[in-house]
Amino acid sequence: MSAPQAKHTTLQPFHLAFPVNDIAVARKFYGEVIGCEEGRSAPHWVDFNFYGHQLVAHLAPEEVGCKANSSVDGHAVPAKHFGVILTMEQWNELADRLRAAGTKFVIEPYIRFKGQVGEQATMFFMDPCGNALEFKAFANMDQIFAK
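Residues numbered from 1 in each chain as written. Predicted model: local features only at pLDDT ≥ 70, side-chain atom pairs only at ≥ 80, totals over all residues. Heavy atoms only, no water.

### Digging into the side chain of Thr 103
Step number 1: By the element assignment, Thr 103 lies in the loop between α2 (88-100) and β9 (105-112).
Step number 2: Sequence-distant contacts of Thr 103, defined by excluding residues within four places in its chain, comprise Leu 98 and Phe 125. (Helix = DSSP H or I, 4+ residues; strand = E, 2+ residues; numbered from the N terminus. Contact = heavy atoms within 4.5 Å.)

### Remarks on the nonpolar core
Step number 1: In this structure, Tyr 30, Ile 34, Phe 50, Leu 98, Met 123, Phe 125 and Phe 135 are the most contacted members of the largest nonpolar core, which totals 30 residues.
Step number 2: Listed by contribution, the elements that provide at least two residues to this core are β1 (15-20), α1 (23-33), β3 (45-50), β4 (53-59), α2, β10 (120-126) and β11 (132-138).
Step number 3: A per-element tally of this core places α1 first, with 5 residues.
Step number 4: Those residues in contact with Phe 135, other than ones at most four positions away along the chain, are Ile 34, Phe 50, Tyr 51, Val 84, Leu 86, Trp 91, Leu 94, Ala 121, Thr 122, Met 123 and Phe 125. (Core = buried A, V, L, I, M, F, W, Y, C linked by side-chain atoms within 4.5 Å. Buried < 20%, exposed > 50% of the residue type's maximum accessible area, 1.4 Å probe, protein only.)

### Quick notes on the environment of Ile 23
Step number 1: Examined against the element boundaries, Ile 23 turns out to sit in helix α1.
Step number 2: Judged by its relative accessible area of 8%, Ile 23 is buried.
Step number 3: Residues Ile 23 and Trp 45, 22 residues apart in the sequence, show an inter-C-alpha distance of 6.9 Å.
Step number 4: In contact with Ile 23, other than residues within four places in its own chain, are Pro 43, His 44, Trp 45, Val 46, Ala 57, His 58 and Leu 59.

### A short note on the packing of aromatic side chains
Step number 1: Inspection of the entire model under this criterion finds 11 aromatic pairs.
Step number 2: With 5.8 Å between their ring centres and 5 degrees between their planes, Phe 125 and Phe 135 make a pair best called stacked. Here Phe 125, found in strand β10, pairs with Phe 135, found in strand β11; they are 10 residues apart in sequence, far enough to count as distant.
Step number 3: Under the relative-accessibility criterion, Phe 125 is labelled buried at 0%.
Step number 4: Taking the relative accessible area as the measure of exposure, Phe 135 reaches 0% and is therefore buried. (Phe/Tyr/Trp six-rings, centres within 6.5 Å; stacked < 30°, edge-to-face > 60°.)

Read these as geometric descriptors, not functional statements.
Listed below in structure tokens is the structure:
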């Protein structure tokens, strides 16, 4: 018996907890650079409103970092990463903010799969705690899952 396919027509906020090695540094980066509003917090964790999703930074220095890459479109993509699909306007604004903040990109902002199904803007960078993030935008949002 095969597992049922998850098909959702209404997006629900996701919750993602991730490790950081410094809560103050995470607050500054996610709050000031990414632009996330801060929610609840305690000395060892902090919630962020990550484009409507609940992102929780937990102090766990031993868990931080990216150990493996995967080849995608000729680039070494950090295998462990997270991010959000933005509108093209939001994506360009974020890329500009990241550049202005001096963010070093793992993969500079560019258009992946240009002229093909699933064409998308993408960029990869590391937060100051060593976590990899990818932000995307699709000119045609109907192609997010296109084959």
